[in-house]
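Commentary on secondary and tertiary structure
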Amino acid sequence: MALAILPRAATADVVTGTITPADTTVVVVDATGATVAQLKSGPYQLQLPVGKYKAKCQAPRQGDQDFLSLSEPVTVNIDCK
């Protein structure tokens, strides 16, 4: 039996964390700018393909936080203060 060696495809993994402060809304976009999630304050869990992402705070203050989804679980706490 022969095994073919193929490039490993990027797989999705779990991104968890907490969004603060209370009453915060965050939009997560991928490298192309497409929205992949809309989150409210508190704990969250997403399953995202490997890649670069940006968390965009919508309220109470605007701001951005870049993060990576890796091929292993990642914790990303988002502070919109």
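For the structure itself, look to the data block above.
Here we summarise the structure given alongside this text.

Reading the values: the criteria
Residue numbers restart at each chain and count upward from 1, following the sequence in its written direction. Restriction of local features to residues with pLDDT of at least 70 applies here, the model being predicted, together with a cutoff of 80 or more for giving and counting side-chain atom pairs; totals for whole chains, interfaces and linings are based on all residues. Think of the side-chain values as coming from all heavy atoms in the structure, minus any hydrogens and water. Here the rule is simple: two strands pair whenever DSSP picks up at least two bridges between them. In DSSP terms, a helix is any run of H or I states spanning at least four residues, a strand is any run of E spanning at least two, and both are numbered starting from the N terminus. Convention adopted: a line fitted to C-alpha atoms gives each axis, helices being fitted over their contacting stretch, and angles between N-to-C directions are expressed from 0 to 180 degrees. Any two residues whose heavy atoms approach within 4.5 Å are treated as being in contact.

The next point concerns the sheet that holds strand 2 (residues 25–30). Spatial strand order, 3-2-5-6: 4 strands in an open sheet with antiparallel pairing. Both edges of this open sheet fall to strand 3 (35–40) and strand 6 (63–69), since each of them pairs with a single strand only. Each adjacent strand pair in this sheet contributes to an overall mean axis angle of 25 degrees, direction not counted. Sheet topology note: the strand 5 (residues 51–59)/strand 6 ladder contains 7 bridges and is antiparallel. Looking across to strand 6, one finds that Ala55 is bridged to Gln65.

Here Thr16 lies in strand 1 (residues 12–20). Dropping the residues within four chain positions of it, Thr16 is found in contact with Tyr44, Gln45, Val74, Thr75 and Val76.

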